[in-house]
Amino acid sequence: MPPLSYNFAYLDEQSKKMIRRAILKALAIPGFQVPFGGREMPLPYGWGTGGIQLTASVIGPDDRLKVIDQGSDDTVNAISIKQFFTKTAGIDTTEETVKATIIQTRHRIPETPLQKGQIMVFQVPIPEPLQFIEPRQTQTAKMHAFEEYGSMHVKLYEDIAKFDRIATAFDYPVQVHGRYIMSPSPIPKYDNPKLHQSPAIHLFGAGREKRIYAVPPFTDVISLDFEDYPFELEQWDGACAVCGSQNSFLDEILTDDKGTRVFICSDTEYCKNNAGKNTP
Amino acid sequence: MSVLQENDSLPLLEVRHLSKFFGKQLGCHDISFAVSPAEVIGVVGESGSGKSTLLDCIAGRLKSSNGAVLFNSSVGMLDLCRCDEALVRKIIRTQTGYVTQNASQGLKMHISAGGNIGEKLMANGMRNYRQIRKEALAWLAKVEIDPGRIDDLPSTFSGGMQQRLQIAANLVNAPKIMLMDEPTSGLDVSVQARLIDVLRKLVSGLNLSMILVTHDLAVARLLCHRLYVMKQGKIVESGLSDQILDDPRQPYTQLLVSSVLKP
Ligand SMILES: [Zn+2]
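Considerations on the sheet that holds strand 7 (residues 180-182) of chain A
By way of backbone hydrogen bonds, the strands of a sheet pair with one another, either parallel or antiparallel.
Residue and element names in this part refer to chain A.
(1) Moving on: The antiparallel open sheet is built from three strands, whose spatial order is 7-6-10. Every interior strand has two partners, whereas the edge strands, strand 7 and strand 10 (221-223), have only one. The average undirected angle you get between the axes of adjacent strands in this sheet is 35°.
(2) Moving on: Where strand 6 (residues 174-176) lies against strand 10, three bridges are found, and the strand directions are antiparallel. Note that in strand 10 the partner of Q175 across the bridge is I222.

See below:
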């Protein structure tokens, strides 16, 4: 049972209602940043307060929560968020993607395909994709309203001019439902295609900036690119050193002080399952 | 929406009884004039005479208090003060250019020269990197910047180069009219001369109209066909540039001219 001093999932019902209204609006206008009256949470910004407020507003007693940070279920941040909800909502947590009903994340979308009924909650540090080109918020609001998005490509142009390829690897801008440009921040571009026509609900919360945006199920999410420099996924020379996967986002890990390196799945739960499958 | 029919015999741009007040303070009052295609108009006066306010109202950067700015756009004659904001922004983005005195306001200083030139192309839908690159290189050459500098940041450029880059970034999408606010001020005389030279070549080759706001009558004489002299927010004298500068009628204009002609 949750301690009596807290409301279920910490937030009071009024705040949850207000946030749920913002979520519904965000789902109705895919990719549009809805301002909301963000609440103070007992955690500093940067620890996922935007995501925590979203999770607190949608979670119910029957939900099973998975929290991932850098693809891993057992970092300090992931564990403290899970503890926060087991204490304040008394809900069950899980590390298994298929069993989770809500998955709160900072850096990754799980490799295991999401299903209908699941909700992904993203903790977003920088919600405004136009910030790079236009720091004034009054202007970016107009650029979104009037669909003045051509200058988004300037960022990609600069990449190609410098590196002869689009080097942006994280927070790679997408256009949602043929309309709003959205920052899928801060997932790797490797995960962008997982948003496209996904059966799950994707909610994005920025605590500091007090913005919520969303991708409803089965929505087009297209990564920006040039005709002659199309969007490409990163590739690795080897496979995962633990499970042998060749279809997974890999982290490079140094194994000794001589610079020997191996590649290992960033999604630890996927890696564990995959390794289990391969060893009879 | 205020769309009249498109007509080539109409002026490209017509300002009608335009006024701008800042509270009780007068910015500019009851200004009317017209700009024909390929015509270069100069608006001269001391600082505080309201000439930059007038330009900002025409450019849609300030909302005028009264009056109209009619523009003979590709979709007909539009009153830029009255029509739908989305349409005005599109017209301004695609058919006008705006060069400021301070290049750091007109350019994105953290983006390469090529990116600055390419921005308007991309904003207007160009999605081919090589084509954008080609256009940027060509425009650098046209404004006499070494195309080898295409990937350098504008902050590494001299003041004169920054102004020429700003001009290229505005001309790249072939606007019908350029609005320029003191583009030469703050530059050395020799640097000014080169900028004016580049501008003259471009203007004559592109069939481009221009409204140039300047306090520098020498610059106005070199570039402008006609001049409007502003004092305390109002036009006090207008006419052909040579006529105004050689034979000013109004005492205020005579003062302006004589102060410049003094060594
Ligand atoms: Zn693995």
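A look at the pairing of strand 8 (residues 177-181) of chain B
Residues and elements named next belong to chain B.
(1) Moving on: Most of strand 8 is tucked away, with five of its five residues classed as buried.
(2) Moving on: Side chains of strand 8 alternate between two faces, with I177, L179 and D181 and M178 and M180 buried alike.
(3) Moving on: Bridge count between strand 7 (residues 96-99) and strand 8: four bridges; the pairing is parallel. Bridging across to strand 8, T96 finds its partner in I177.
(4) Moving on: Judged from the five bridges that link them, strand 8 and strand 9 (residues 209-214) form a sheet pairing that is parallel. The residue bridging M180 from the neighbouring strand is L212, located in strand 9.
(5) Moving on: For the segment spanning strand 8, helix 7 (residues 189-206) and strand 9, crossover handedness is right-handed.

A closer look at helix 5 (residues 129-142) of chain B
Note that an α-helix has 3.6 residues per turn; residues three or four places apart therefore point the same way.
(1) Moving on: With 14 residues, helix 5 of chain B ought to run about 20 Å at 1.5 Å a step, and its terminal C-alpha atoms sit 20 Å apart, in line with that.
(2) Moving on: The set of residues buried in helix 5 of chain B consists of Y129(B), I132(B), R133(B), A136(B), W139(B) and L140(B). One side of helix 5 of chain B holds all its buried residues, which, seen down the axis, span an arc of 130°.
(3) Moving on: Those residues of helix 5 of chain B that are buried are in contact with helix 5 (152-163) of chain A together with helix 4 (113-123), helix 6 (159-171) and helix 7 of chain B.
(4) Moving on: The N-terminus of helix 5 of chain B is capped by N128(B), whose side-chain oxygen sits 3.2 Å from the backbone nitrogen of R130(B).
(5) Moving on: E144(B) sits one or two positions beyond helix 5 of chain B and adopts a positive phi of about 60°.

Some details on the layout of surface pockets
If a probe as big as a water molecule is rolled over the atoms, it shows which places are left empty.
(1) Moving on: Taken as a whole, the largest pocket holds about 1,700 Å³ of empty space.
(2) Moving on: R136(A), Q139(A), R61(B), R89(B) and I92(B) are, among the 46 residues lining the largest pocket, the residues nearest its centre.
(3) Moving on: Counting only elements with at least two residues in the lining of the largest pocket, the list comes to helix 4 (137-145) of chain A together with helix 1 (51-58), helix 2 (85-95), strand 7, helix 3 (103-106), helix 4, helix 6 and strand 8 of chain B.
(4) Moving on: Residue classes in the lining of the largest pocket are distributed as 18 nonpolar, 14 polar and 14 charged.

Observations regarding empty space enclosed by the protein
Residue and element names in this part refer to chain B.
(1) Moving on: By the definition in use, this model includes one cavity of 30 Å³ or more.
(2) Moving on: Put simply, the largest cavity is a space of about 40 Å³.
(3) Moving on: L13, I58, A59, F71, L80, I92, T96 and L179 are the residues that line the largest cavity.
(4) Moving on: When the residues that make up the lining of the largest cavity are grouped by side-chain class, the tally is seven nonpolar, one polar and no charged.

Here we look at the pattern of salt bridges
Residue and element names in this part refer to chain B.
(1) Moving on: One pass over the full model with this rule turns up 27 salt bridges over all chains.
(2) Moving on: One salt bridge connects K108 with E119, and the closest N-O pair in it is separated by 3.5 Å. Placement of the pair is K108 in the loop between helix 3 and helix 4 and E119 in helix 4, with a sequence separation of eleven residues.
(3) Moving on: Among the salt bridges present, the one from D247 reaches R249, with a minimum N-O distance of 2.9 Å.
(4) Moving on: A relative accessible area of 39% means that D247 is categorised as partly exposed.

Cut-offs and rules
Residues numbered from 1 in each chain as written. Chains lettered and ligands numbered in written order. Predicted model: local features only at pLDDT ≥ 70, side-chain atom pairs only at ≥ 80, totals over all residues. Heavy atoms only, no water. Pairing = 2+ DSSP bridges. Helix = DSSP H or I, 4+ residues; strand = E, 2+ residues; numbered from the N terminus. Axes fitted to C-alpha atoms, helices over the stretch in contact; angles between N-to-C directions. Buried < 20%, exposed > 50% of the residue type's maximum accessible area, 1.4 Å probe, protein only. Right-handed = clockwise from strand over helix to strand, strands pointing away. Expected span 1.5 Å × (residues − 1). Arc of directions from axis to C-beta. Contact = heavy atoms within 4.5 Å. Polar contact = N/O pair within 3.5 Å; in protein donor to acceptor, adjacent residues only side chain to side chain. 1 Å grid on protein atoms, 1.4 Å probe; cavity = no way out; pocket = protein on both sides within 12 Å on 5 of 7 lines; lining within 4 Å. Points joined across faces, edges and corners; volume = space filled by probe spheres on them. Nonpolar A, V, L, I, M, F, W, Y, C, P; charged D, E, K, R; others polar. Salt bridge = Lys/Arg side-chain N within 4 Å of Asp/Glu carboxyl O.

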